[in-house]
Amino acid sequence: MQKTVTKRDHPDHSCIYDLAFKPDGTQLIIAAGNRLLVYDTSDGTLIQPLKGHKDTVYCVAYAKDGKYGHCSGHSVGLLGFVL
């Protein structure tokens, strides 16, 4: 199945600043506004929104093993999180 994520899907987010695929290709994480959105790449469903930043998230990355992610934003420096 192919799905395109658009602003209409998440109108409360002003911009997508960055995205990253999990190393095994099963997930996509998007830095959108002050949230991180984790999607299943097989069907395009939103797995979970990750909250924690008070301001805009500018970049996101997965660790090589895919178990951890890192993000950075305006209000906080680099944050790590478990996926």
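Given the structure is predicted, the values throughout are model-derived calculations rather than measurements.

### What to know about the overall build of the protein chain
Looking only at helices and strands, the protein chain features zero helices and seven strands. Written out in order from the N terminus, the α and β elements of the protein chain read β-β-β-β-β-β-β. By residue count, 35% of the 83 residues in the protein chain fall in the buried class. Partitioning the intrachain contacts of the protein chain with sequence separation of at least 6 by distance along the chain shows that 27% fall at a separation of at least 24. Here the protein chain displays about 5200 Å² of accessible surface, and carbon together with sulfur accounts for 54% of that area.

### Section: the sheet that holds strand β4 (residues 46–50)
Ordered by their spatial adjacency, four strands build an open sheet running β1-β2-β3-β4, and the pairing between neighbours is antiparallel. Taken across any chain shown, the strands that pair with only one partner, and hence form the sheet edges, are β1 (16–21) and β4. Ignoring strand direction, the axes of neighbouring strands in this sheet form an average angle of 20 degrees. By the bridge criterion, six bridges tie strand β2 (residues 27–32) to strand β3 (residues 35–40) in an arrangement that is antiparallel. Bridge pairing links Ile-29 to Val-38 in β3.

### Thoughts on a nonpolar patch on the surface
The grouping of Ile-16, Leu-19 and Phe-21 at the surface amounts to a nonpolar patch, some 290 Å² of accessible area in total. Inspection of the secondary structure assignment puts Leu-19 in strand β1.

### Re the environment of Gly-73
Inspection of the secondary structure puts Gly-73 in strand β6 (residues 68–73). Taking the relative accessible area as the measure of exposure, Gly-73 reaches 14% and is therefore buried. Taking the C-alpha atoms as reference points, Gly-73 and Tyr-58, 15 residues apart in sequence, are found 5.0 Å from one another. Ignoring anything within four residues of it in the chain, the contact list for Gly-73 reads His-53, Thr-56, Val-57 and Tyr-58.

Reading the values: rules and limits
- Residues numbered from 1 in each chain as written.
- Predicted model: local features only at pLDDT ≥ 70, side-chain atom pairs only at ≥ 80, totals over all residues.
- Heavy atoms only, no water.
- Helix = DSSP H or I, 4+ residues; strand = E, 2+ residues; numbered from the N terminus.
- Buried < 20%, exposed > 50% of the residue type's maximum accessible area, 1.4 Å probe, protein only.
- Contact = heavy atoms within 4.5 Å.
- Areas by Shrake-Rupley, 256 points an atom, 1.4 Å probe, with all protein chains shown as cover.
- Pairing = 2+ DSSP bridges.
- Axes fitted to C-alpha atoms, helices over the stretch in contact; angles between N-to-C directions.
- Patch = residues over 30% accessible without salt bridge, like charges linked within 9 Å, V, L, I, M, F, W, Y side chains within 5 Å.
- Salt bridge = Lys/Arg side-chain N within 4 Å of Asp/Glu carboxyl O.

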